[in-house]
Amino acid sequence: MKQQKRHQTGLINGIILLVMAALLIFLSIVLYNHTKLEVRFDTLINWLQNVDDAIVKLDSDTEIILCIFALYIAKCQLPIPMGFLCVISGIVFPMGQALVINLVFTAFFFTVKYVEGMFIGGGWTGMILGIKQLHFVRDWIEFKGNGNPYVLFVTRLVPSIPLGMVSKYYGSMRYDFIYYISLSLLGFAPRLYMYTKIGTAIYNPFSVRFIVLLILIVTFTGISIMMFNIFYGRKSNQMNQTLLIYAEKEKYKIVL
């Protein structure tokens, strides 16, 4: 069984590594030829620059912020990528302002999904973790009945894990809200910064800055998914043993 799990973990990591390597090679070629590509796609770059200039010249920043906020509200119920929303703010506002806007609205999204979890339960996450083979994952997330802060932080860091599903599940556990929102924002901060930075450079998709940012995102995403997969594959047995130890302690605990 252990050898089979190791084989599966190695296979998945191998596929992730191949995909990441292919993307990095492609982006490296683009970076090497970025000057030629800028000349070749000069019309596209000029059009994007004109769009960027037109957005900057919009009359009311308040109206723009309300429009972005409306997209975050829609994100609460629709599968809109969070990275896309962060990029939009980066396109419209300077880096500092865009970071603040994305930070506030991301906190709003995390809060809404947490409250949803409190009132309607863990949703799809609860159903998936109800599968017998995933009970150890559920027990690890609900560690000692209070919720596991390390799992919350890591799930915000790894791009492949849905933000809303995790938020609702922690809300259903009534996890301490201050810790929840703090760990969520800390874990998501690296991704929030990179996505926002992409928005500030998107007017020229063949610039060195833009391509380097894409390389960083691909590398960060691939490595974080591989590390999470290794953690899941190697620690599942350890998680079960730890939970059994705590269960035995609670079983024989003397209450005075």
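Calculation criteria
Residues numbered from 1 in each chain as written. Predicted model: local features only at pLDDT ≥ 70, side-chain atom pairs only at ≥ 80, totals over all residues. Heavy atoms only, no water. Phe/Tyr/Trp six-rings, centres within 6.5 Å; stacked < 30°, edge-to-face > 60°. Buried < 20%, exposed > 50% of the residue type's maximum accessible area, 1.4 Å probe, protein only. Helix = DSSP H or I, 4+ residues; strand = E, 2+ residues; numbered from the N terminus. Contact = heavy atoms within 4.5 Å.

(A) View of the packing of aromatic side chains. The final tally for this structure, using the stated rule, is 9 aromatic pairs. Taken together, a centroid distance of 5.9 Å and an interplanar angle of 50° make the contact between F109 and F110 tilted. A residue is classified by how much of its surface remains accessible, and F110, at 0% relative accessible area, is buried. Summarising the aromatic geometry, the rings of F177 and Y180 are spaced 6.0 Å apart at their centres and angled 35° between planes, so their arrangement reads as tilted. Separated by 3 residues within a single helix, F177 and Y180 lie in helix α11 (residues 177-201), roughly one turn from each other. An aromatic cluster is built from F69, Y72, F105 and F108, whose rings are joined through pairwise contacts.

(B) Representation of the side chain of S184 in the model. Relative to the elements of secondary structure, S184 occurs in helix α11. Accessibility expressed as a relative area gives 0% for S184, which makes it buried. Contacts of S184, omitting those with residues within four sequence positions, involve F110, L152 and R156.

(C) Highlighting the environment of M226. By the element assignment, M226 lies in helix α12 (residues 208-251). Dropping the residues within four chain positions of it, M226 is found in contact with N13, I16, L17 and M20.

(D) Unusual backbone geometry, seen in detail. In the Ramachandran plot, R174 falls in the positive-phi region, its phi being about 60° despite a non-glycine side chain. Within the fold, R174 resides in the loop between α10 (163-172) and α11.

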